[in-house]
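Residue-level structural notes
Here is what each chain is made of, one letter per residue.
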Amino acid sequence: RKEVEQDPGPFNVPEGATVAFNCTYSNSASQSFFWYRQDCRKEPKLLMSVYSSGNEDGRFTAQLNRASQYISLLIRDSKLSDSATYLCVVNRGGGFKTIFGAGTRLFVKA
Amino acid sequence: DGGITQSPKYLFRKEGQNVTLSCEQNLNHDAMYWYRQDPGQGLRLIYYSQIVNDFQKGDIAEGYSVSREKKESFPLTVTSAQKNPTAFYLCASSHQQGDGSPLHFGNGTRLTVT
C-alpha cells in the first residue's frame with residue numbers, strides 16, 4: 001500500500017462546476033500537509049498548505065482529518081485554467097520525509 | 001526574483017555516458033533535494049542535503065551522485081550505472097530540515113538516454 005494515495009482520475013468537469021479531490025495517508029506521524037498543482041511537463045507548484053482547522057484560498061478549500069488520516073481539496077467555480085494534476089503531499093517532519101501522491105488529473109471543459 | 005534554476009531543460013545522452021544536471025537556488029534555503037518523476041508516478045527522492053558539504057541518500061540513490069560544495073548549488077550526476085535514467089528530474093529546496101516547510105521546485109530537466 002502506498003503511503004499517500006489519491007484517486008488518479010481523470011476528473012472531467014464543465015466550467016463552473018465544483019470538484020473535490022480526496023487523499024489518504026497511512027503514517028500517523030505525518031505533521032504537515034500540502035496540495036501542489038502540476039501542469040503538463042512542468043514542475044509542481046505549491047497551491048496551499050492544509051491546516052487542521054481547514055483553510056480557504058479564494059475558490060480553493062482544503063480540509064484535514066487527522067483521525068481518519070484524510071485530506072481533501074475542493075475547487076469551486078472551476079475555470080479552464082484549473083486543468084492540471086493535483087498532488088497531495090505529506091511531510092513526516094523534515095523535507096526528506098516529504099511523500100508525494102501520484103496525483104489526480106483534472107480536465108475542465110468549456 | 002528568488003528561485004531555483006535547473007539547466008538544461010532538455011538533455012539527450014547516449015547510454016554509457018555520465019551526465020550532470022545543474023541546480024542553483026538564490027532563496028537562501030539550507031536544504032536541497034533531487035527527485036525523479038516517471039509518467040503516472042509520484043516523485044521519488046534521489047538525494048538530499050541539509051547543509052553544505054553534507055548529503056544523504058534518498059529512496060532511489062543507486063546510479064546517482066551529488067555534491068554540495070556551496071549553499072546555492074546541488075548538482076546531480078546520473079552515472080552509467082543507473083539502469084533506467086530516462087526521466088524528468090526535479091530539484092527542490094526548503095528553509096530548514098524538520099520545520100515542515102514546503103518544498104519549492106525548479107523547472108526540471110528532462111533527460112533522455114538512448
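Before any of the text, the structure's been laid out above.
Residues numbered from 1 in each chain as written. Chains lettered and ligands numbered in written order. Predicted model: local features only at pLDDT ≥ 70, side-chain atom pairs only at ≥ 80, totals over all residues. Heavy atoms only, no water.

Focus: unusual backbone geometry
In this structure, the amide linkage connecting Gly9(A) to the following residue, Pro10(A), adopts the cis form with an omega of 5 degrees. Tracing the backbone through its elements, the reader meets Pro10(A) in the loop between β1 (4-6) and β2 (11-14). The residue Asn28(B) is not glycine, and still its phi comes out positive at about 60 degrees. As for its placement among the helices and strands, Asn28(B) is situated in the loop between β3 (19-25) and β4 (31-37). (Helix = DSSP H or I, 4+ residues; strand = E, 2+ residues; numbered from the N terminus.)

Observations concerning the pattern of salt bridges
Residue and element names in this part refer to chain A. For the structure shown, the criterion picks out eight salt bridges over all chains. Residues Glu3 and Arg92 are paired through a salt bridge, measuring 2.6 Å at the closest nitrogen-oxygen approach. Of this pair, Glu3 sits in the segment before β1 while Arg92 is found in the loop between β9 (84-91) and β10 (98-100), placing the two residues 89 residues apart along the sequence. Residue classification places Arg92 among the partly exposed positions, given a relative accessible area of 25%. Its salt-bridge partner being Glu56, residue Arg76 comes within 3.6 Å of it at the nearest N-O pair. (Salt bridge = Lys/Arg side-chain N within 4 Å of Asp/Glu carboxyl O. Buried < 20%, exposed > 50% of the residue type's maximum accessible area, 1.4 Å probe, protein only.)

Some words on the sheet that holds strand β7 (residues 64-66) of chain B
Residues and elements named next belong to chain B. Read across the sheet, four strands follow the order β1-β3-β8-β7 without closing on themselves; strand pairing throughout is antiparallel. Of all strands in the sheet, those bounded by a partner on one side alone are β1 (4-7) and β7. Across the sheet, the mean angle from the axis of one strand to that of its neighbour is 20 degrees, orientation sign disregarded. Note that β1 and β3 share four bridges and pair antiparallel. When the sheet's bridge partners are listed, Ile4 is paired in β3 with Gln25. (Pairing = 2+ DSSP bridges. Axes fitted to C-alpha atoms, helices over the stretch in contact; angles between N-to-C directions.)

What is shown is where atoms sit, not what they do.
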